[in-house]
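Listed here are the chains, written in short residue letters.
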Amino acid sequence: MFSKKEKPLVAFTIEKCPSCKKETKRKFQEGDCLFVHASECTTCKIPTSISKIFGQAIE
Ligand SMILES: [Zn+2]
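Residues numbered from 1 in each chain as written. Predicted model: local features only at pLDDT ≥ 70, side-chain atom pairs only at ≥ 80, totals over all residues. Heavy atoms only, no water.

A metal bound by six donors in octahedral fashion has ideal angles of 90 or 180 degrees, whereas one bound by four tetrahedral donors has an ideal angle of 109.5 degrees. The protein atoms donating to the zinc ion are Cys17 (SG), Cys20 (SG), Cys41 (SG) and Cys44 (SG), with metal-donor distances spanning 2.2 to 2.3 Å. Its 4 donor atoms give the zinc ion angles of 104 to 113 degrees at the centre, a pattern that matches the tetrahedral case. In primary sequence terms, the donor set of the zinc ion follows C-x2-C-x20-C-x2-C. (Donors = N, O, S within 2.8 Å, 3.2 Å for Na, K, Ca; no water. Tetrahedral: all angles 85-135°; square planar, octahedral: opposite > 155°, others 65-115°.)

Spatially, the 4 strands line up as an open sheet ordered 2-1-4-3, and their pairing is antiparallel. Looking at the sheet topology across the chains shown, the edges are occupied by strand 2 (23-27) and strand 3 (37-40). Strand-to-strand, the axes of this sheet are offset by a mean angle of 45 degrees, without reference to chain direction. The sheet contact formed by strand 1 (residues 9-16) and strand 4 (residues 47-57) spans 8 bridges and is antiparallel. (Pairing = 2+ DSSP bridges. Helix = DSSP H or I, 4+ residues; strand = E, 2+ residues; numbered from the N terminus. Axes fitted to C-alpha atoms, helices over the stretch in contact; angles between N-to-C directions.)

Another aspect to go through is the pattern of salt bridges. Where charged atoms of side chains with opposite charge meet at close range, the side chains can pair. This model, assessed by the stated rule, comprises 2 salt bridges. Arg26 is the partner of Glu15 in a salt bridge, and the nearest nitrogen-oxygen pair spans 2.3 Å. On the criterion of sequence distance, the pair formed by Glu15 in strand 1 and Arg26 in strand 2 is long-range, its members being 11 residues apart. Each of Glu15, Arg26 and Asp32 takes part in a single network of salt bridges with overlapping partners. (Salt bridge = Lys/Arg side-chain N within 4 Å of Asp/Glu carboxyl O.)

A word on the environment of Lys45. Relative to the helices and strands, Lys45 resides in the loop between strand 3 and strand 4. We classify Lys45 as exposed; its relative accessible area is 55%. Distance from Lys45 to Cys17, taken between C-alpha atoms, is 9.6 Å for residues 28 residues apart in sequence. For Lys45, the side chain forms a polar contact with the main-chain oxygen of Thr42, separated by 3.3 Å. (Buried < 20%, exposed > 50% of the residue type's maximum accessible area, 1.4 Å probe, protein only. Polar contact = N/O pair within 3.5 Å; in protein donor to acceptor, adjacent residues only side chain to side chain.)

Everything listed here is a matter of coordinates, which is why it stays silent on function.
Structural data, given as C-alpha cells:
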C-alpha cells in the first residue's frame with residue numbers, strides 16, 4: 001500500500017499583476033513571501049506581487 005504522504009510536494013508561487021490581473025505560476029524560490037514584489041509583468045512593465053504560495057503533489 002502506498003500512502004499519500006509519500007508523494008513529494010513541490011511548492012509553487014503565483015505572481016499576480018495588479019494592473020492586468022494576469023497570473024503567472026512558477027516554482028517557489030527561496031525567499032518568496034506573500035505580497036512582496038516579484039518579477040515584472042511582461043505586458044504592463046510593472047512589478048507583479050506574489051498572491052499565492054502553495055504546495056502541489058507531483059504524480
Ligand atoms: Zn500586467
